[in-house]
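# A structural walkthrough
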Amino acid sequence: MITRKTQRGIFLLVLLTTVSFWAGRKLDTEFQEPVAGLDPKLDYVLRDFELQFFDEGGQPTMTLQAPVLRNDPELQLGTIEKPVFKLNQPGVTWNLTAESATVTADKEHVQLTGRVNILRHEPLTGALAELNTEEVRIEVTPQIASTDKPVHIFDGFNHLRAIGLDLDMTTNTFMLKQQVEATYAANF
């Protein structure tokens with residue numbers, strides 16, 4: 001037989017559980033509602049972040065990771081420390097790293113500076129090509145990159161050196177601008 005004191009305790013415990021559940025559920029719905037009226041030109045800093053971009057079919061097209069991203073609304077520039085970009089295209093993956101990057105407000109122009117490394121990888125064939133330089137300008141929508149700095153390209157066998165480069169990442173073609181030197185691996 002349950003005593004009156006035990007019945008009150010059970011009732012109080014059920015009541016507190018119900019109130020806790022209701023209060024917790026109310027807080028969850030408050031955080032899930034979208035916030036309207038925010039100014040997109042905020043001055044902000046993101047730390048240890050990862051941004052993922054997807055196509056209309058839900059497939060990942062690009063990932064950006066970095067320890068710090070700063071947005072300056074007055075200059076309309078974002079600056080990124082030690083960015084790591086991964087661009088997925090059919091049959092090809094591009095990995096781009098640099099010491100720093102700047103991104104315009106329209107997110108159409110990216111400037112990679114410092115030690116810039118671009119790695120092109122074809123997962124099905126295993127083919128690799130690595131490009132190293134000091135600075136690269138990227139036009140995002142047409143997926144073209146260029147530099148006027150010294151460039152070194154290595155594909156696992158052959159070495160190319162030049163001053164300046166134009167790279168079309170959609171057609172996987174590039175043009176070396178001047179003072180081109182090449183060392184090819186010959187198979188006899």
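Residues numbered from 1 in each chain as written. Predicted model: local features only at pLDDT ≥ 70, side-chain atom pairs only at ≥ 80, totals over all residues. Heavy atoms only, no water.

As defined by bridge partners, strand β7 (residues 109-122) adjoins strand β8 (residues 127-139) across 12 bridges and the pair is classed as antiparallel. Bridge pairing in β8 links R120 to A129. Hairpin connection between β7 and β8: a loop of four residues separates the two successive antiparallel strands, and G126 in this loop has a positive phi of roughly 80 degrees. Summarising the sheet, β8 and strand β9 (residues 144-154) pair through six bridges and their orientation is antiparallel. Paired with R137 across the strands is S146, a residue of β9. Counted along the chain from β8 to the antiparallel partner β9, the turn is four residues long, and its residue Q143 has a positive phi close to 55 degrees. (Pairing = 2+ DSSP bridges. Helix = DSSP H or I, 4+ residues; strand = E, 2+ residues; numbered from the N terminus.)

The residue L46 is located in strand β1 (residues 44-54) in this model. On the basis of relative accessibility, which here comes to 33%, the residue L46 falls in the partly exposed class. As a C-alpha pair, L46 and N71 span 25 residues in sequence and 8.7 Å in three-dimensional space. Contacts of L46, omitting those with residues within four sequence positions, involve P67, V68 and L69. (Buried < 20%, exposed > 50% of the residue type's maximum accessible area, 1.4 Å probe, protein only. Contact = heavy atoms within 4.5 Å.)

To continue, consider the nonpolar core. If you look at the biggest cluster of nonpolar residues, it comprises 29 residues, and the most contacted ones within it are I80, W94, L112 and I138. Looking at this core, the elements that each hand over two or more residues are β2 (60-72), β4 (84-89), β5 (92-97), β6 (100-104), β7, β8, β9 and β10 (159-168). Among all residues touching W94, those that are not within four sequence positions of it are F85, K86, L87, Q89, I118, L119, R120, L167, M169 and N172. (Core = buried A, V, L, I, M, F, W, Y, C linked by side-chain atoms within 4.5 Å.)

Of note, I153 is situated in strand β9. By relative accessible area, I153 is classed as buried at 8%. Setting aside residues no more than four positions away along its own chain, I153 makes contact with E130, L131, N158, H159, L160, L165, F174 and L176.

Moving on to the pairing of β1. As defined by bridge partners, β1 adjoins β2 across 10 bridges and the pair is classed as antiparallel. Bridge pairing in β2 places Y44 opposite N71. The antiparallel pairing of β1 with β2 creates a hairpin that spans five residues between the two strands, and G58 there sits at a positive phi of about 85 degrees.

Attention now goes to unusual backbone geometry. Its identity as a non-glycine residue notwithstanding, Q76 has a phi of 55 degrees, on the positive side. The topology assignment puts Q76 in the loop between β2 and β3 (77-81). Positive phi outside glycine occurs at Q179, with the angle close to 50 degrees. Within the secondary structure, Q179 is located in strand β11 (residues 173-183).

A separate point is the pattern of salt bridges. Under the definition given, this model contains seven salt bridges. Note that D148 is salt-bridged to K177, the shortest N-O span being 2.8 Å. One end of the pair, D148, is in strand β9; the other, K177, is in strand β11, with 29 residues separating them in the sequence. The exposure class assigned to D148 is partly exposed, which follows from its relative accessible area of 48%. For K177, a relative accessible area of 35% gives the class partly exposed. Taken together, the shared-partner salt bridges in this structure form one network comprising E135, R137, D148, D166 and K177. (Salt bridge = Lys/Arg side-chain N within 4 Å of Asp/Glu carboxyl O.)

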